[in-house]
Amino acid sequence: MTDYSEHEMYLKKMLSNSIGSLNPSQEAKNRARKLSYSYFEDYKQKLICDYEGKELSDIPNSKVTSTSYGDTLKITHKEKVNFKISDNDFKNQMNSNLKLLPKIGVKTEQNLKNKGYSTIESLQNHDKYCDVASKFVNQVDDLSFGEIIELLDKNKYTKKCRDNVVRAISMVDKEDFKFMDIETLGLSNVPIILIGVAEIKGDTITSSQYFLRDIYEEPAVIEAYLSHLTEESVHVTFNGKSFDVPYIRNRCLSNRIDLDFRLPHLDLMYFAKNLWGDELPNCQLQTIEKELFGIEREGDVPGQHIPNYYRTYLSEENIGPIVPIIEHNRQDIISLASFLEKMYEDVN
């Protein structure tokens, strides 16, 4: 038997975890199989067999809901949650962040604090910054969360400034967070097939998902989602700033739906990279679930396979292929609440 050193044994183990190695492990083989096209084709056929004869009404907690654009399918799921965002007196914290004023960066802030100007309020007595400091002090109590986020977004001199966006969520009532995710038939100019939104009330988080039963129901799906939004709502997404929200806007234009909202938006993908990028293999949503929350999905269908599964649902008139899509979307939006709470704990 070959006598390997500890280092050689480690290298052998690491190499065996790669499907490209000369002697891949069974774990590597299973992982590669589950990423293959044939695996998801086989899984789809199994779902078709498992759900033969089943109807959309057989999906648990589903019902038809009406909008001014027609009917659509709504799936509701409730579960207990212990979501807590403790008060951190954020507006008072802002008073110590001199960089919130124009033309004050990291070095200037330090120089001013060395001279005794420790708060924006104290800068009202400074020859150069007195006017902008007085303007800030007079307006800060009336700033909305959206205006504060916009102000903080303009100040990214340091990691601490980026963390302040997360600290600021203490100003939001937890009922106003709208944890949202969409599934689509492609990456651009094609219908949204599912919109999910999770909301917290008391110790319960409720996910409401609106599903496109056929290709003509998209306006109803969109309007059903929009009914959850108010002027106080805050979008919480994962890569939603560059995809989900712009996509909804574009589909509203395509369907001639009047959309008039400019809501504050917390895209947790950027905060995840900032807070956890150094300790995780990557900052994909499911990696964060696994590494930080111990969640490993079973029977999940990745986003790139969703259009194919949905088209099969239409052509075969079989609900099997869309069952894991609905669960995929639900888990995404529920996870966002856990992410946001942990991010807040980490930066405080």
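Criteria and thresholds
Residues numbered from 1 in each chain as written. Predicted model: local features only at pLDDT ≥ 70, side-chain atom pairs only at ≥ 80, totals over all residues. Heavy atoms only, no water. Helix = DSSP H or I, 4+ residues; strand = E, 2+ residues; numbered from the N terminus. Contact = heavy atoms within 4.5 Å. Areas by Shrake-Rupley, 256 points an atom, 1.4 Å probe, with all protein chains shown as cover. Axes fitted to C-alpha atoms, helices over the stretch in contact; angles between N-to-C directions. Parallel < 35°, antiparallel > 145°, perpendicular 65-115°, else oblique. Left-handed = near helix turned anticlockwise from the far one by under 90°. Patch = residues over 30% accessible without salt bridge, like charges linked within 9 Å, V, L, I, M, F, W, Y side chains within 5 Å. Salt bridge = Lys/Arg side-chain N within 4 Å of Asp/Glu carboxyl O. Lys, Arg positive; Asp, Glu negative; His and termini not counted. Charge placed at Lys NZ, Arg CZ, Asp CG, Glu CD. Buried < 20%, exposed > 50% of the residue type's maximum accessible area, 1.4 Å probe, protein only. Expected span 1.5 Å × (residues − 1). Pairing = 2+ DSSP bridges.

Some thoughts on the overall build of the protein
Then step 1. For the protein, the helix and strand inventory stands at 14 helices and 7 strands.
Then step 2. In the protein, once contacts between residues fewer than 6 apart in sequence are set aside, the share between residues at least 24 apart is 67%.
Then step 3. Of the roughly 19,000 Å² of accessible surface on the protein, a fraction of 47% belongs to carbon and sulfur atoms.

Topic: the packing of helix α11 (residues 268-276) against helix α14 (residues 323-347)
Then step 1. Packing of α11 against α14 leaves a shortest axis separation of 11 Å and a crossing angle of 45 degrees. One element, α11, and the other, α14, form an angle in the oblique class. Like other packed secondary-structure pairs, α11 and α14 cross with a definite hand, here left-handed. Side by side, α11 and α14 meet where Leu268, Phe271, Ala272, Leu275 and Trp276 of the first sit next to Leu336, Phe339, Leu340, Lys342, Met343, Asp346 and Val347 of the second.

With respect to a negative patch on the surface
Then step 1. Residues Asp141, Asp142, Glu147 and Glu150 make up a contiguous surface patch of negative charge.
Then step 2. Of note, Asp142 is situated in the loop between α6 (130-139) and α7 (145-153).

A few points about the pattern of salt bridges
Between side chains of opposite charge, pairing is possible as soon as their charged atoms come close.
Then step 1. In total, this model carries 14 salt bridges according to the counting rule given.
Then step 2. Asp346 is the partner of Lys342 in a salt bridge, and the nearest nitrogen-oxygen pair spans 3.5 Å. Taken together, the residues Lys342 and Asp346, both in helix α14 and 4 residues apart, mark about one turn of the helix.
Then step 3. Overall, Asp346 belongs to the partly exposed group, its relative accessible area being 39%.
Then step 4. One salt-bridge network, in which partners are shared between bridges, spans Glu289, Arg297, Asp300 and Asp332.

Here we look at the side chain of His235
Then step 1. Mapped onto the elements of the fold, His235 is located in strand β6 (residues 234-237).
Then step 2. Apart from the residues lying within four places of it in its own chain, the contact partners of His235 are Lys178, Met180, Tyr225, Leu229, Val245, Phe261, Leu263, Pro264, His265 and Leu266.

With respect to the packing of helix α12 (residues 285-293) against α14
Then step 1. Interhelical geometry of α12 versus α14 gives an angle of 55 degrees and a closest axis separation of 10 Å. Here α14 runs oblique to α12, going by the angle between their axes. Of the two possible hands of crossing, α12 and α14 adopt the one that is left-handed. Facing Leu285, Gln286, Ile288, Glu289, Leu292 and Phe293 of α12, the residues of α14 in contact are His328, Gln331, Asp332, Ser335, Leu336, Ser338, Phe339 and Lys342.

Quick notes on the environment of Pro324
Then step 1. Mapped onto the elements, Pro324 comes out in helix α14.
Then step 2. Sequence separation of Pro324 and Asp300 is 24 residues, and the distance between their C-alpha atoms is 6.0 Å.
Then step 3. Contact partners of Pro324, with chain neighbours within four places excluded, come to Tyr43, Leu47, Gly299, Val301 and Tyr309.

Examining α14
The periodicity of an α-helix, 3.6 residues per turn, causes residues three or four positions apart to be oriented the same way.
Then step 1. Compared with the 36 Å implied by 1.5 Å per residue over 25 residues, the 37 Å span of α14 between its first and last C-alpha is a close match.
Then step 2. Counting buried positions along α14 yields 19 of 25 residues, so the element is predominantly enclosed.

A word on the sheet that holds strand β5 (residues 204-211)
Then step 1. Taken together, 7 strands build an open sheet; the order of strands is β1-β2-β5-β4-β3-β6-β7 and the sheet is mixed. The open sheet terminates on both sides in strands that have one partner only, identified here as β1 (62-67) and β7 (265-267). Ignoring strand direction, the axes of neighbouring strands in this sheet form an average angle of 30 degrees.
Then step 2. Contacting β3 (177-184), β4 (192-201) and β5, helix α13 (residues 306-316) runs over the sheet at an angle of about 70 degrees to β3.

Comments concerning a nonpolar patch on the surface
Then step 1. Together, Ile215, Tyr216 and Leu314 give the surface a local cluster of nonpolar side chains, amounting to about 320 Å² of exposed area.
Then step 2. Topologically, Tyr216 is positioned in the loop between β5 and α9 (218-226).
Then step 3. Given a relative accessible area of 73%, Tyr216 falls into the exposed group.

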